[in-house]
Amino acid sequence: MPKINIKINTVKIGKKFNILLLFTQQIYMQLLEEIDGFLKTFGDGMLKDRISYSLTRDRYDSIYYKKLNMKKIGRFLSAEKSNKYVYFHFENYDLKVEARGDGVFKFSWTDGPKLPVENIEFDDLQLHDNTVSVGNYSISLDENGLYLKDQDGKLIYQGYIPDFNEVLSQSLRIFGDDLFSGLGEKAGPINLRGHVYRLWNHDAKGSYGPDSDPLYLNIPVLLHLHDDVSYLIFFENAGDATVDIGFSREDKVTFYFKSKPMVYYVITGDIKSIYSKFSEITGKPYRPPYWAFGFQQSRYSYMSSAEVRSIVDRFNELGIPLSAIYLDIDYMDEFKVFTFNSDRFWDVKDLTKYLGERGVRLITIMEPNVKMEPGYTIYDEAVKNGYFIKYPDGNIFYAPVWPLMAAFPDFSRNDVREWWGKKYDFMKKNGVSGFWHDMNEPAIFVAWGDNSMALSAAQSNGSHSEVHNLFGYYMDKAAYDHLSKTERPFILSRSGWAGISRYAWIWTGDTETSWKEMKQNLLTILHMSASGISLTGCDIGGFVGSPDAELFIRWLQSAIFYPLFRVHSNKKSKRREPWEFGEKYLGIIRDIIKLRHSFLPQIYSEAISSSITGIPMIRPVYWYSSNPDMLLVDDEYLFGDSILVAPIFSEHSTSRIVKLPPGLWYNLYSDEKVFGEIKVEAPLNMIPIYIRSGSIIARDEGKLILHVFHSEEGESAKIYIDAGGEDSELDISVSKDGKINIHRGSSIKAVTIKFHGVYVKGITINGNTKYIEDNLFEIEEGVNELQLIFQ
Ligand code: MIG
């Protein structure tokens, strides 16, 4: 696009007119160019729709959208205990303080739309001299704000008194070399400090790279680490917000909200416990089906049943594991949700049967937009029952997306969600196993302005401006609530809000294909973890572009433990199935996918444990080390507590430095024990992976094998094993002197154990000793105790 670059102040007054002409001409040319582009892509129907939507939206918003106009807070007057909580009375507002002795605090300044958070129980507070105490914590107040301290008087959190006018702003104090992470899906560095971000769910317009902002999923949640203490702040707010993290002022973070409520939680404790407590408020990750963790192949778009079959056949012939394959938007009839194109997918039932016989699931993309077309059942039903979102004057909100003019169900309503959820039965009847919710920010094709819904559109829970960031969340909930009645669903969503893992997985959307974006994906995923999101992943290979073999292989390796392990690419990208890179690389690619599949029992077990504890599976190194040196390690990650991955993120590189969190670690391939900072060789076929000593890892190697990584203190684990949709629990511990205790659910029969790091000569069960080879032995059903014989 031509750049408009005029410096009026350097030109004499008399020339102003000319410059203005030049200026308008440039804009005009630009507009023509864009119009031309639209026409080429969509024909003029889309252009008319875009313009008519943009005009309509602007008109409605100018009439109905109102900025906040809030009274100032005023002076502090008094503190008062009322029931279990405490009120700090100010001239114009009453701040309600609720708290729990284990480090959960809630501050409510205003009312606002009802948002999907749980009402947790709080403890009884004590109030003395304007200071609140609970458990080992105290909250005090002065003209500078609120101070949260622990029993030793150590300051954990300082929040200033908020400022209310057209925006609601809340500032927090930055102490020193603090680290900030979170805000949902952020393409920022590992420490978000020094940057400004917007929280407004937004289609990244086809392609994005590092620093692009905002993206599809935003949450007002921030983890703050300083001086060995950490807390998480979470604002109950789903509207537009901006967060300035020490950018304008080095010592302050400020959240600016354009809508109510101003209600926030501060949660403290050790990092893992913070996420457990946070998940009590926003919900715990759901339990996905086992197959969802396997390798998934996607492309925009596989165009016919025949093509899908041939791809699946090829996977089979080449012996590459494949768990699922995707249909992108072209499977639909004129992009109408809940339809199949009858020319290209007339036999979808046969197709899914064919795939099923080969252990492959079919996943289809689902759109939140419903084509405006009288006679199309979904559309007619929603119009008749008043299910679509409307403008405040009662007119249906229409806007163009793939199917041209479309309307949008108000997923914030129970009845609408129920109706929508039942529609998935049609897809299930056709044998579809999983659902991919795209465009649910919601994305809209505009001629100008914000590429989402009008701010003034009315939803059951508030105006769109107040609840925008929940649109995708409620669409996911609609599908989840229905599907989960009969199965463990697989739902992959582009947008979401706090607690989204209770309904869906999230991938990072339309990333560019580049080395720096491959690494950015890890950081974005770590920020999602810091926001409490557990089921995450990315388009392996990047969405827009075509990776060469090296980049593709490194990308596949970097994602080896991402919960979602899916290759996806854009229409114009070169084909990206494993064999497309040539014979030379096929073996490497197959081995990576096989390695992934061998870890499925462990990955599944972590997912179940995450659904119980609420702690996200992918974790930054700094969770495990208070060493300031480790704080900014941004090119490694942990999967659960026990597995560390150090991918290669630079081109033509075959070695790297790995910084290991405290303790002894095992090199996955050699069993070499390492610690601290090490250099590792990583030729193209190798992903540096380390296992923490003292852990027990479940792998599928034709049969289930539990790998025990010896430590001086013994080893133990709780492992959840998939037993056909149910989870069987296995508890195993090995004491220092080699006594094994094992308890397993009735569906788990014999268990094979492999020891690492110490030579095991034999085992004694009920007084009978047996010598073993390769540190490998079986514990038969019914045996709960045995003794190892070390060298
Ligand atoms: O406007 O369905 O992020 O994964 O392939 C683009 C087509 C719509 C965006 C998704 C991408 C998907 C594409 N979609």
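Only a predicted model underlies this, so the values are computations on that prediction, with no experimental measurement involved. (Residues numbered from 1 in each chain as written. Predicted model: local features only at pLDDT ≥ 70, side-chain atom pairs only at ≥ 80, totals over all residues. Heavy atoms only, no water.)

**Regarding the sheet that holds strand E23 (residues 398–401)**
Taken in spatial order, the three strands make up an open sheet running E22-E24-E23, and their pairing is antiparallel. Each edge of the open sheet is held by one strand with a lone partner, namely strand E22 (370–371) and E23. As defined by bridge partners, E22 adjoins strand E24 (residues 404–407) across two bridges and the pair is classed as antiparallel. Bridging from a neighbouring strand, Lys 371 pairs with Ala 406 of E24. (Pairing = 2+ DSSP bridges. Helix = DSSP H or I, 4+ residues; strand = E, 2+ residues; numbered from the N terminus.)

**Quick word on the site of the ligand**
Around the ligand lies a shell of 13 residues, among which Asp 328, Trp 402, Asp 438, Asp 510 and His 568 are the nearest. One nitrogen or oxygen atom from the side chain of Asp 438 is found 2.6 Å from a nitrogen atom belonging to the ligand. At a separation of 2.5 Å, an oxygen atom of the ligand approaches a polar side-chain atom of Asp 510. Of the residues in the shell around the ligand, the class split is eight nonpolar, one polar and four charged. (Near = heavy atom within 4 Å. Polar contact = N/O pair within 3.5 Å; in protein donor to acceptor, adjacent residues only side chain to side chain. Nonpolar A, V, L, I, M, F, W, Y, C, P; charged D, E, K, R; others polar.)

**Thoughts on the UniProt feature "domain: Glycoside hydrolase family 31 TIM barrel" (unreviewed entry) in the chain**
With numbering aligned to this structure, UniProt lists the feature "domain: Glycoside hydrolase family 31 TIM barrel" (unreviewed entry) at residues 286–605. Each end of residues 286–605 is marked by a C-alpha atom, and these two atoms are 13 Å apart; helix forms 36% of the span and strand 13%. (UniProt positions renumbered as here; feature names shortened; annotations may be inferred.)

**Points about helix H4 (residues 348–357)**
Taken together, the buried positions of H4 are occupied by Val 348, Leu 351, Thr 352, Tyr 354 and Leu 355. Take H4 and look down its axis: the buried residues cluster within an arc of 160°, on one side only. When the buried face of H4 is taken as reference, the exposed residues oriented beyond 90 degrees from it are Lys 349, Lys 353 and Glu 357. In the core, the buried residues of H4 are packed alongside helix H3 (305–318), strand E20 (324–327) and strand E21 (361–366). Just past H4, the residue Gly 359 takes up positive phi, approximately 75°. (Buried < 20%, exposed > 50% of the residue type's maximum accessible area, 1.4 Å probe, protein only. Arc of directions from axis to C-beta. Contact = heavy atoms within 4.5 Å.)

**Overview of the pattern of salt bridges**
All chains considered together, the criterion is met by 45 salt bridges. With a closest N to O distance of 3.7 Å, Glu 91 and Arg 75 form a salt bridge. Here Arg 75 lies in the loop between helix H1 (16–64) and strand E1 (76–82) and Glu 91 lies in the loop between strand E2 (85–90) and strand E3 (94–100), a separation of 16 residues in the sequence. Between Arg 656 and Glu 636 there is a salt bridge, with the nearest N and O atoms lying 3.3 Å from each other. With Arg 656 in strand E36 (residues 655–659) and Glu 636 in the loop between strand E33 (618–619) and strand E34 (637–639), this pair connects stretches of sequence that are 20 residues apart. The residues Arg 656 and Glu 636 share a single accessibility class, namely buried. Through salt bridges with shared partners, one network takes in Asp 203, Asp 438, Glu 441, Arg 494 and Asp 510. (Salt bridge = Lys/Arg side-chain N within 4 Å of Asp/Glu carboxyl O.)

**Concerning the packing of helix H11 (residues 583–598) against helix H12 (residues 600–613)**
Axes are the key here: two packed helices are described by the angle between their axes and the distance separating the axes. As a packed pair, H11 and H12 sit with axes 5 Å apart at the nearest point and diverge in direction by 50°. Overall, the two elements H11 and H12 adopt an arrangement that is oblique. When H11 is examined against H12, the residues Arg 596, His 597 and Ser 598 are found in contact with a partner set consisting of Leu 600, Pro 601 and Ile 603. By residue class, the composition of the contact of H11 with H12 is three nonpolar, two polar and one charged. (Axes fitted to C-alpha atoms, helices over the stretch in contact; angles between N-to-C directions. Parallel < 35°, antiparallel > 145°, perpendicular 65-115°, else oblique.)

**Focus: the confidence of the model for the chain**
Summary statistics for the chain give a mean pLDDT of 95 and a share of 95% for residues scoring 70 or more. Between residues 1–14, whose pLDDT stays under 50, and residues either more than four places distant or in other chains, the model counts 14 contacts. (pLDDT = per-residue confidence, 0-100.)

**Examining empty space enclosed by the protein**
Tallied over the entire structure, the rule returns two cavities of 30 Å³ or more. In this structure, the largest cavity encloses a volume near 50 Å³. Forming the walls of the largest cavity are Tyr 275, Phe 278, Ser 279, Thr 282, Gly 283, Gly 499, Ser 531, Gly 532 and Gly 614. Taken together, His 710, Ser 711, Gly 714, Glu 715, Val 734, Ser 735, Lys 736, Phe 755 and Phe 790 form the lining of the second largest cavity. Taken together, the residues that form the lining of the second largest cavity break down as three nonpolar, four polar and two charged. (1 Å grid on protein atoms, 1.4 Å probe; cavity = no way out; pocket = protein on both sides within 12 Å on 5 of 7 lines; lining within 4 Å. Points joined across faces, edges and corners; volume = space filled by probe spheres on them.)

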